[in-house]
Amino acid sequence: MTSPPARASALDLIGNTPIVLLEGASEAAGCEIWGKCEFANPGASVKDRAALWIVRDAEKRGELRPGGTVVEGTAGNTGIGIALVANALGYKCVIVMPDNQSQEKMATLRALGAELVTVPPTKFADPAHFVHTSRRIAEETENAIWANQFDNVANRRAHIESTAPEIWEQLEGRVDGFTCAVGTGGTLAGTGMGLREKDENVRIALTDPYGAALFNYYAHGELKAEGSSVAEGIGQGRITANLEGLEVDTQFRVSDEEGLQWVARLLREEGLCLGLSSGINVAGAVMLGRQLVAEGREDPRVATILCDTGFRYLSTLYNAEWLREKGLPVFDWLRSS
Ligand SMILES: Cc1ncc(COP(=O)(O)O)c(C=O)c1O
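Reading guide: rules and limits
- Residues numbered from 1 in each chain as written.
- Predicted model: local features only at pLDDT ≥ 70, side-chain atom pairs only at ≥ 80, totals over all residues.
- Heavy atoms only, no water.
- 1 Å grid on protein atoms, 1.4 Å probe; cavity = no way out; pocket = protein on both sides within 12 Å on 5 of 7 lines; lining within 4 Å.
- Points joined across faces, edges and corners; volume = space filled by probe spheres on them.
- Nonpolar A, V, L, I, M, F, W, Y, C, P; charged D, E, K, R; others polar.
- Pairing = 2+ DSSP bridges.
- Helix = DSSP H or I, 4+ residues; strand = E, 2+ residues; numbered from the N terminus.
- Axes fitted to C-alpha atoms, helices over the stretch in contact; angles between N-to-C directions.
- Contact = heavy atoms within 4.5 Å.
- Near = heavy atom within 4 Å.
- Polar contact = N/O pair within 3.5 Å; in protein donor to acceptor, adjacent residues only side chain to side chain.
- Areas by Shrake-Rupley, 256 points an atom, 1.4 Å probe, with all protein chains shown as cover.
- Buried < 20%, exposed > 50% of the residue type's maximum accessible area, 1.4 Å probe, protein only.
- Domains from an automatic or database assignment.
- Salt bridge = Lys/Arg side-chain N within 4 Å of Asp/Glu carboxyl O.
- Core = buried A, V, L, I, M, F, W, Y, C linked by side-chain atoms within 4.5 Å.

Undergrad: Before we go on, may I ask you to explain the layout of surface pockets in this structure?
TA: Regions of empty space are outlined by a rolling probe, equal in size to a water molecule, passed over the atoms. One number sums up the size of the second largest pocket: a volume of about 460 Å³. Every residue lining the second largest pocket is counted, 16 residues in all, and those nearest its centre are Pro-4, Arg-7, Asn-16, Thr-17 and Pro-18. Here the residues of the lining of the second largest pocket are counted per class, giving six nonpolar, six polar and four charged.

Undergrad: What is the right way to read the sheet that holds strand S2 (residues 32-37) from this model?
TA: Strands belonging to one sheet form pairs held by backbone hydrogen bonds; the direction of such a pair is parallel or antiparallel. A sheet is described by the order of its strands in space; here six strands give the open sequence S1-S2-S10-S7-S8-S9, paired in mixed fashion. One side of each edge strand has no neighbouring strand; the edge strands of this open sheet are strand S1 (19-21) and strand S9 (250-254). Across the sheet, the mean angle from the axis of one strand to that of its neighbour is 25°, orientation sign disregarded. Sheet topology note: the S1/S2 ladder contains three bridges and is antiparallel. Looking at S2, one finds that Leu-21 is bridged to Trp-34. Across the sheet, helix H7 (residues 186-198) lies against strand S7 (177-180), strand S8 (203-209) and strand S10 (301-306), angled at about 170° from S7, the strand it touches most.

Undergrad: How do you make sense of the site of the ligand when you look at a structure like this?
TA: Around the ligand, the structure places 15 residues, and the nearest of them are Lys-47, Gly-183, Thr-184, Thr-187 and Ser-277. A distance of 2.7 Å is found between an oxygen atom of the ligand and a backbone nitrogen or oxygen belonging to Gly-183. Contact distances for the ligand include 2.7 Å between an oxygen atom and a side-chain N or O atom of Thr-184. Coverage of the ligand by the protein amounts to 97% of the 390 Å² it exposes when considered alone. A breakdown of the residues in the shell around the ligand according to their chemical character gives four nonpolar, eight polar and three charged.

Undergrad: Could you clarify how one ought to interpret helix H4 (residues 103-111) in this entry?
TA: Counting along an α-helix, one turn takes 3.6 residues, and residues three or four places apart therefore face a common direction. Regarding H4, the residues found buried are Glu-104, Lys-105, Met-106 and Leu-109. Remark: Gly-113 follows H4 within two positions and exhibits a positive phi of approximately 95°.

Undergrad: I tried to follow the domain arrangement of the chain on my own but got confused; where do I start?
TA: The parts lose accessible area when they come together, and the size of an interface is often stated as this lost area. Along its sequence, the chain is carved into domain 1 (10-43 + 156-322) and domain 2 (46-153). Just the C-alpha atoms count here: the centres of domain 1 and domain 2 sit 23 Å apart. In this assembly, 37 residues from domain 1 lie in contact with 29 residues from domain 2. Counting across the domain 1 and domain 2 interface gives five salt bridges. The residue Asp-57 makes a salt bridge to Arg-157 at a minimum N-O spacing of 3.0 Å. Inspection of the region where domain 1 meets domain 2 yields 24 residue pairs in polar contact (both at pLDDT 80 or more).

Undergrad: Mind showing me how you'd approach the environment of Asn-41 here?
TA: Structurally, Asn-41 is set in the loop between S2 and helix H2 (47-60). A relative accessible area of 3% means that Asn-41 is categorised as buried. Spatially, the C-alpha atoms of Asn-41 and Leu-272 are 15 Å apart, while their sequence positions differ by 231 residues. Among residues more than four places away in sequence, those in contact with Asn-41 are Leu-13, Ile-14, Gly-15, Thr-17, Val-46, Asp-48 and Arg-49.

Undergrad: For this particular structure, what's the right way to read the nonpolar core?
TA: Among soluble globular proteins, nonpolar side chains are generally buried collectively. Judged by nonpolar contacts, the single largest core of 40 residues is most densely connected at Leu-22, Ile-33 and Val-282. Listing elements by their share of this core, those giving two or more residues are helix H1 (23-29), S2, S9, helix H9 (256-270), helix H10 (276-294), S10 and helix H11 (320-325). In terms of residue count, the dominant contributor to this core is H10 (eight residues). Sequence-distant contacts of Ile-33, that is, excluding residues within four places in its chain, are made with Val-20, Leu-21, Leu-22, Ala-25, Ser-26, Ala-285, Val-286, Gly-289 and Val-302. Counting 27 residues, the second largest nonpolar core, distinct from the first, contains Ile-19, Ile-160, Cys-180 and Val-182.

Undergrad: Looking at this structure, how should I read unusual backbone geometry?
TA: What you tend to see is this: most non-glycine residues have negative phi, and most peptide bonds are trans. In this model, Asn-16 sits at a positive phi of 50°, which is unusual for a non-glycine residue. Mapping Asn-16 onto the fold places it in the segment before S1. Phi at Asp-299 takes a positive value of approximately 40°, unusual for a residue other than glycine. Along the polypeptide, Asp-299 turns up in the loop between H10 and S10.

Set out below in structure tokens:
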């Protein structure tokens, strides 16, 4: 086994995450399912990559100057990534998030020194939406940039240039399918496009939670949401700039109950404590694996993203009372609490 190389800067700790064979998921799919361990980034989520690429891109374009401020609207993980990158490079940051996100994310952002602004959750069309609020704050702040993760394609470039080539190399040039859910679309589009650069036959699948509009868009050409989900960081109602130009081969929809079953299995069977978007991704990867097996592909390999650590959701996903309140099944081992 080789140890990871020495790094000259803490920012170089972003990316180059391990990939792990998921035994339970592989067994369920009848083929290899691999999970890219994005919880191993310094900010414990996949969004560190987008944060680094967005900040570096703004520097390169001369928009972010020394002492400047990075402003972003985020479900939390991008904010955590931006706060770490901003600290490392001497910038300030202002993070705007909906106030229904986990307490752990808010406490983490405050602990990292970010200025935190919370707003009530509302429709994207409402000017008070967290995304628009963050844009206004950036416009009103001197020497500030708006990270604009949804429509700034530096986000997906992070995955074209880092996530995809890493997966390709780690799986020794044999990847048959890739799937994940969409928040901004940076991970799905960037990793999908990057893998297709290596092999145009890699099947790219959307795994959508309920409450998002993309499943219907890719299946029937109509942006239409049905149902709802408590998953944080995923669930999109429009084609963001990061999604533009991505050809999706197939799409799956996964309920919170199904995602939670995988969260439970990943924890109890494999020892991985993850958030709900990871469980939803693994459910989708199993569906994609089964589809490839049914079509007769020989020993297909599917990769997906283990987006963030479950430690970020102790007060929600791993809290019996919260699960009961949401009408969701309580994990067996939490039933007595
Ligand atoms: C926990 C979690 N999973 C998945 C995603 C989705 O990633 P992307 O924005 O690249 O679509 C996010 C984005 O914030 C997230 O926070």
